[in-house]
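# Residue-level structure breakdown
Chain residues, written in single-letter form:
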There are 2 protein chains.
Amino acid sequence: MFVGKRIKELREEKGMVQRQLAAALEIDSPMYSKIERGERRAKREQVIELARIFEIDVDELLTLWLAGQIYEIIKDEKVAKATLSFVEMKL
Amino acid sequence: MFVGKRIKELREEKGMVQRQLAAALEIDSPMYSKIERGERRAKREQVIELARIFEIDVDELLTLWLAGQIYEIIKDEKVAKATLSFVEMKL
DNA sequence: TAAGACTTGTCAGAATTTGACTAAAAGTAC
DNA sequence: GTACTTTTAGTCAAATTCTGACAAGTCTTA
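Residues numbered from 1 in each chain as written. Chains lettered and ligands numbered in written order. Predicted model: local features only at pLDDT ≥ 70, side-chain atom pairs only at ≥ 80, totals over all residues. Heavy atoms only, no water.

Chain A has the name Helix-turn-helix domain-containing protein in an unreviewed UniProt entry, where Plebeiibacterium marinum is given as its organism.

Neighbouring DNA strand C are 15 residues, the closest being Met 31 of chain A together with Gln 18, Ser 33, Lys 34 and Arg 37 of chain B. Those atoms of DNA strand C that come within 4 Å of the protein belong to sugar or phosphate at a rate of 46%. Separating a phosphate oxygen of DNA strand C from a backbone N or O atom of Gln 18 of chain B is a distance of 2.7 Å. Ser 33 of chain B has a polar side-chain atom sitting 2.5 Å from a phosphate oxygen of DNA strand C. For the surface near DNA strand C, the class distribution of residues is five nonpolar, two polar and eight charged. (Near = heavy atom within 4 Å. Polar contact = N/O pair within 3.5 Å; in protein donor to acceptor, adjacent residues only side chain to side chain. Nonpolar A, V, L, I, M, F, W, Y, C, P; charged D, E, K, R; others polar.)

Each side of the interface is counted separately: chain B has 25 residues, and chain A has 26 residues. Around 2,700 Å² of area is buried between chain B and chain A when both sides are counted, 78% of it from carbon and sulfur atoms. A per-residue breakdown of the area chain B buries against chain A is headed by Ile 70, Leu 84 and Leu 91 of chain B, which together make up 20% of the total. The interface formed by chain B and chain A contains four salt bridges. Its salt-bridge partner being Glu 77 of chain B, residue Arg 44 of chain A comes within 2.8 Å of it at the nearest N-O pair. Between chain B and chain A we count four residue pairs in polar contact (both at pLDDT 80 or more) in total. Contributions of two or more residues to the side of chain B that touches chain A are made by α5 (58–74) and α6 (80–90) of chain B. Broken down by class, the residue content of the side of chain B that touches chain A amounts to 15 nonpolar, three polar and seven charged. (Contact = heavy atoms within 4.5 Å. Buried area = accessible area lost by both parts, 1.4 Å probe. Salt bridge = Lys/Arg side-chain N within 4 Å of Asp/Glu carboxyl O. Helix = DSSP H or I, 4+ residues; strand = E, 2+ residues; numbered from the N terminus.)

Shown next, in the form of structure tokens:
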């Protein structure tokens, strides 16, 4: 989701096509396309590999990847903000 | 997890035993025990029902329930706080 | 010991996720 | 327009995870 949008930006900046990144991740292009669009979730290892390929800080991409997962859980919740505050307190 | 700890407190305050709550949720006692200890995840409907039984604000319990799910995702992540900040910004 | 409360472990069926495949759609160049 | 590449959409079986139930265990109290 968030990570999908970001890797699409990065891919286009680098002038690459989906097929190339799919090959690097050893998945097929349709699958990579779905990851970019947030239809499928990337694996942690794939996120790390993508950061390596795009030469950006892996933490940036991992943050987006995790954020997408969390967002999916609370996006429609009335108590979303309270939940985040609670978790932050517990960290 | 968080919700498990809380419903245990509430149950003991009310002087109830697990068997009674298991019956109310139409699950067996071992299952309820696991929910309390965070070994199994309660369903949303069960959380709502528990709030009703204990006569507390359903939002309180839902917050703890959601928080547990989120905590599981980011608890060991170096970027945990950054992730929460990002999600909060996106809400 | 007996009885009740709670926990642990296992297991099959259900539900979800995964990766691959096909083919359609969209975009590009000729 | 056609031919070609890229991207997206849809389907499917295999793999994985989740679920609920059961049996048997521990622990406490009477």
